[in-house]
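Coordinates in review
The residues making up each chain are set out below.
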Amino acid sequence: MNAKVRLLIIEDDKNFRAYIADLLGRDGYQVFSAADGGEGLSLAASLCPDLILLDLGLPDIGGFEVLRRLRGWSRAPVIIVSAHGEEQSKVTALDLGADDYVTKPVYPKELTARIRTALRHARKSAPEEIYRALGLEIYFDRRSICLEGKPVHLTQIEYQLLTLLAENAGRVLTYDAIQRHIWGPYIDASNQILRVNMANIRRKIEKNPAQPQYLFTEVGVGYRMRENENE
Amino acid sequence: MSKKNVLQNITEFTSTKKGMRTALCTAGAATLAGFLTARLVKSSRQETETQNEPTKADLARIHMSLLRTISQNLYTPLSDITGNSLLYLENHKNLEETENLELIKRIHEDSGWLANMVGNLLAVTHLEDMGESITVKDEMVEEVLGETLQKMEKRHPGLEVHVLIPDDPVMVPMDALLIEQVLLNLLDNSLLHSGSEGPVDIIVEDGAKQVTFTVRDYGHGIPEEKLKDLWVDFSAPESLPDTLERHGVGLAICKTILDAHHGTLSGRNHGGGAEFGFTLPKRRP
């Protein structure tokens, strides 16, 4: 028998906790909740949950501090629950080791997708061999990309960018993380080269670059690729 | 947690936090009112330099009328939510499934509208934080549009929009979150309140000095008598209506955001519906 996946939600708003517990409980998860950072940290230590949902605006210890302390000993995926328009705090939280974030209002489908993705990446031991979503296929070992069965030709940099995003499909990658991975630590901070490359890839795989199906922009934070249906 | 508990929580919430929410609403409205008063009075002053400066009493009056209209704008959907949810809580056992669904739909609609309105308030406080000159960054138009449409799709799944952009990527200096808010307001109006038949169009044109965005719907158009004053002119309080239509505030926010970008906003009928256009200058002012 499979034990239930255990989630811990650290959030001060009682109704939001109830909503999450109800939503995720229905999805078969076992949900524990904590109303502040102190309780959250001690529950995290005693329960060792498989995933933690963390609100940044907690009444006692700030969300960043909770995250920092958690990351001192735990590698469990952490998804940040953030309020509207806090782009900089999202980036900070991701830099501090959070795995992803959702913005309030939290839509059920979006949250469950983020949780599935984070759990999958945490469990994954070997990299994927194939990315497949809608009409797009990427064969990592053969270094080939097909759209609706036809080969797509990318430059070296474009290929590296697309496969990095595809290997992390479903999760947000910050501009910084992407740039360090592709160009090394000395790239300038304007993201200009990255964005031009992304625009070029979009023109090769998206029907309409302003209504993307594969490569989504999170303005001020980074990029996220559509979930891999092959996993 | 059992369903019963969840519902108890909600009841408790509505009774204990209602006062607090109203207070929050009013505080938000006050921020917006104060800010818009300052901006709009300033711009009307620039235009009519020969006229007398508004007196302190004028300013206070404008502030008060703004505060009243915006509070009303927040309070109406909020009280609808309270009413509809109570109706459900007290009567759901006696109501038909479809009636219950209708109640929840209305609550969902109102809360979506409130969320956008609070987005507007946050946009305005963001403008206020930055003072006179906002910080703009070069942004790729298709990325900003793409994210806006994703947000729209999350709120209203299945909405259809046609987007036409130039083949080459277009970069424009802007505060992306503020311009997203402009697009959300315009889309909200044209997708949800225009009675549009068929998908709304978004057209982006890349000019020599500016980029033009057009949001075009195929609905009943803008009534003749409203064409002259599309957004509320908060600097002329004597002309303020007692109750504002919901979209009036959204457009006033759009105007404020575009002014801060040295851009323009305009609205017209195109024969088969309404069309709102805005421009952003390509060089940083």
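Preceding this paragraph is the structure being described.
Here's a quick rundown of the structure. Remember, it's a predicted structure, so these values are computed and weren't measured experimentally.

Before going further, it helps to examine the overall build of chain B. Secondary structure assignment for chain B yields 6 helices and 7 strands. What you see in chain B, going N to C, is helices and strands ordered as α-α-α-β-α-β-β-α-β-β-α-β-β. A buried classification covers 45% of the 285 residues belonging to chain B. Contacts in chain B between residues far apart in sequence, at least 24 positions, make up 74% of those at least 6 positions apart. By element, 53% of the accessible surface of chain B is carried by carbon and sulfur atoms, the whole surface being about 14,900 Å².

Turning to the packing of aromatic side chains, a few remarks are in order. Residue and element names in this part refer to chain A. Counted according to the given criterion, the structure contains 3 aromatic pairs over all chains. Here Tyr-175 and Tyr-223 contribute two aromatic rings whose centre-to-centre distance is 5.7 Å and whose plane-to-plane angle is 80 degrees, an arrangement assigned as edge-to-face. Taken together, the residues span a long stretch of sequence, with Tyr-175 in helix 7 (residues 175-183) and Tyr-223 in strand 12 (residues 222-225) at a distance of 48 residues. Relative accessible area serves as the criterion here: at 9%, Tyr-175 is assigned to the buried category. The aromatic ring of Phe-16 is capped on one face by Lys-104, whose charged end is 4.6 Å from the ring centroid. Lying across the ring of Tyr-139, Arg-142 places its NZ or CZ 4.2 Å from the centre.

How big an interface is tends to be stated in terms of the accessible area lost upon association of its parts. The interface of chain A with chain B comprises 28 residues on the first partner and 34 residues on the second. For the pair chain A and chain B, the number of links is 5 salt bridges. One salt bridge in this structure joins Arg202(A) and Glu143(B), with 2.4 Å as the shortest N-O distance. For the pair chain A and chain B, the interface holds 11 residue pairs in polar contact (both at pLDDT 80 or more). Going through the elements one at a time, helix 1 (14-26), helix 8 (192-205) and strand 11 (215-218) of chain A are the ones with two or more residues in the side of chain A that touches chain B. Residues that form the side of chain A that touches chain B fall into these classes: 11 nonpolar, 7 polar and 10 charged.

Definitions and limits used
- Residues numbered from 1 in each chain as written.
- Chains lettered and ligands numbered in written order.
- Predicted model: local features only at pLDDT ≥ 70, side-chain atom pairs only at ≥ 80, totals over all residues.
- Heavy atoms only, no water.
- Helix = DSSP H or I, 4+ residues; strand = E, 2+ residues; numbered from the N terminus.
- Buried < 20%, exposed > 50% of the residue type's maximum accessible area, 1.4 Å probe, protein only.
- Contact = heavy atoms within 4.5 Å.
- Areas by Shrake-Rupley, 256 points an atom, 1.4 Å probe, with all protein chains shown as cover.
- Phe/Tyr/Trp six-rings, centres within 6.5 Å; stacked < 30°, edge-to-face > 60°.
- Lys NZ or Arg CZ within 6 Å of the ring centre and 35° of its normal.
- Salt bridge = Lys/Arg side-chain N within 4 Å of Asp/Glu carboxyl O.
- Polar contact = N/O pair within 3.5 Å; in protein donor to acceptor, adjacent residues only side chain to side chain.
- Nonpolar A, V, L, I, M, F, W, Y, C, P; charged D, E, K, R; others polar.

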